[in-house]
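Secondary and tertiary structure notes
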Amino acid sequence: MTLVKLSASSLAVAALCATSAAARDQVQIAGSSTVLPYASIVAEAFGENFDFPTPVVESGGSSAGLKRFCEGVGENTIDIANASRQIKETELAACAENGVTDIIEVRVGYDGIVFASQQDGPAFAAFEPADIFNALAAKVLKDGALVDNSYTQWSEFNAELPAADIVAFIPGTKHGTREVFEEKVLLQGCEDAGALSAMLDAGMSEDDAERACMSVRVDGKSVDIDGDYTETLASIASNPNGIGVFGLAFYENNTDQLKVATMSGVVPTTESIAEGAYPVSRPLYFYVKKAHIGVIPGLKEFAEFFVIDDIAGPDGPLAEYGLVADPELEATQAIVADEQTISGSM
C-alpha cells in the first residue's frame, strides 16, 4: 500500500470540493471598517441586480478580517477580506500554512485619513505631522533631549494651535488605518520634529528608532478606538476638546457634526487625494479566496460587479459616498476577470 502525504493546500481544496454540494449560497465578507460602507453599498446593489443572495458584510478591522480569511479554505471560512492596507508577507505566510494559496488582490480606490473635531469645539484648523507627533508620541524632543511626553495642551508646542487639552481618539492596532496613521503621520512628524535624528544619534538602530517614533503615550491623552468610526464620533461628541482620526468618506457624511483640519496646508478632499496633494491617503483593497470561486455562488460575479465603472468609477455610488476612483480601474477589472493571483500567494 502506497501512502501519499497531501499538502495543506491539497487537503483544504479536497475538503472544499467534498462539501461543495452543500456549500452555503451567500458570499461572506469581513474586515476593514473603512471599506465596510463601500462593500455594503455594493452588496446591497448586487442583491438587487443579480439572482444571488445579498452578501453578508461584517467589520472588525483589516487585521482581524485577514486573520479570518487566512484560517483556511472551505464553506466555514470567509470568501473575501476587506483591508485599508495591503496584505503583509506574514499574513500571506499564515494563509499558505492553512492552505489559502491563491489570493486575488483587488484595489478598489483611494481614501484619505482626516483629523476632525466637534463643530463647536476648539479651532483645530491646521495641523502638521509634527503637531500630531508632539501631542501623541510616547517620547518627544525637548531642549535637545528625548523625554517622556508631558505636553497637556496643543499650544505648548505650537502657539498657533488652541490652548485646549490634548485628547485624541485614534484607530486601535487591529485597524489598517492605524498603520497608515503611524507611518504617514507619526513617523513623518517624528522626522520633522527632529526626534528621529536624535534617536539615531543616540545609537538606536533605524528599526528601533522608527518603532519608538510610532509609539503613542499611554497616559490617557491618546485613546485607542477598537470599534468603527461611529465609536470615534461618539467619543468626540462627549468630549469637546477631542480630535478624531477618520476616513475622508465618513467625515464627508458627518459634516453636520464634524469640522476637519488641513494637513500640511492641504484640505482633504477627493480632488486633493486624486491629485496626490493631500499627504495622508491610502489605497483600499479586498482579497478574494480563489479556491471559493465556482463553489460559493456569486463570488466572482460580486468581485467583478464591485469594480465596474458604474460602481467604482468616478460617477458611481462609491464616489458619491467619498471613494476616490482608481485611475487604473480598467487594469483591476482585468485582474478580477482573469482571476490573477498576487505574487507570493501561489
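See the structure shown above.
In what follows, the accompanying structure is described.

So, on to the packing of helix α2 (residues 36-49) against helix α12 (residues 299-306). Their axes nearest at 10 Å, the elements α2 and α12 cross at an angle of 120°. Here α2 is positioned oblique relative to α12, judged by the angle of their axes. The crossing of α2 and α12 is right-handed. Facing Y38, A39, V42, A43, A45 and F46 of α2, the residues of α12 in contact are E301, F302, F305 and F306. The residue inventory of the contact of α2 with α12, partitioned by class, reads nine nonpolar, no polar and one charged.

A separate point is helix α5 (residues 129-136). Among the eight residues of α5, eight are classified as buried, and the element is accordingly described as predominantly covered. All of the buried residues in α5 are P129, A130, D131, I132, F133, N134, A135 and L136.

Below, the discussion takes up the packing of aromatic side chains. Going through the model one piece at a time under the given rule, you end up with 19 aromatic pairs. Seen in terms of ring centroids, F50 and F305 are 5.3 Å apart; in terms of plane orientation they differ by 75°. Their pairing is edge-to-face. Taken together, the positions of F50 in the loop between α2 and β2 (56-60) and F305 in helix α12 put the pair 255 residues apart, joining distant regions of the chain. Centre to centre, the rings of Y229 and F250 are 5.5 Å apart; their planes meet at 50°, and the pair counts as tilted. With Y229 in helix α9 (residues 229-237) and F250 in helix α10 (residues 248-252), this residue pair connects regions lying 21 residues apart in the sequence. By relative accessible area, Y229 is classed as buried at 8%.

Right, let's get into the environment of D309. Within the element layout of this structure, D309 appears in helix α13 (residues 309-312). Residues D309 and A325 lie 16 residues apart in sequence; the distance between their C-alpha atoms is 9.3 Å.

Next up on the list: the state of the cysteines. Within the structure shown, the criterion is met by two disulfides. Here C70 is linked by a disulfide to C95, with a sulfur-sulfur distance of 1.9 Å. Taking the sign of the torsion about the S-S bond as the criterion, the disulfide between C70 and C95, at about -70°, is left-handed. Note that C70 is positioned in the loop between α3 (62-69) and β3 (80-83) and C95 in helix α4 (residues 89-97), a separation of 25 residues in sequence. For the pair shown, C70 and C95 are each scored as buried. Ordering the disulfide-forming cysteines of the chain by sequence position, one finds them joined as 1-2, 3-4.

Tracing the chain through its elements places S84 in the loop between β3 and α4. Of the polar contacts made by the side chain of S84, one reaches the backbone nitrogen of T177; its length is 3.3 Å. With residues up to four places along the chain from it excluded, the contact list for S84 reads S32, T34, V35, S62, G176, T177, V180, R282, P283 and L284.

What counts and how
Residues numbered from 1 in each chain as written. Predicted model: local features only at pLDDT ≥ 70, side-chain atom pairs only at ≥ 80, totals over all residues. Heavy atoms only, no water. Axes fitted to C-alpha atoms, helices over the stretch in contact; angles between N-to-C directions. Helix = DSSP H or I, 4+ residues; strand = E, 2+ residues; numbered from the N terminus. Parallel < 35°, antiparallel > 145°, perpendicular 65-115°, else oblique. Left-handed = near helix turned anticlockwise from the far one by under 90°. Contact = heavy atoms within 4.5 Å. Nonpolar A, V, L, I, M, F, W, Y, C, P; charged D, E, K, R; others polar. Buried < 20%, exposed > 50% of the residue type's maximum accessible area, 1.4 Å probe, protein only. Phe/Tyr/Trp six-rings, centres within 6.5 Å; stacked < 30°, edge-to-face > 60°. Disulfide = S-S within 2.5 Å. Polar contact = N/O pair within 3.5 Å; in protein donor to acceptor, adjacent residues only side chain to side chain.

Keep in mind these values describe shape, not function.
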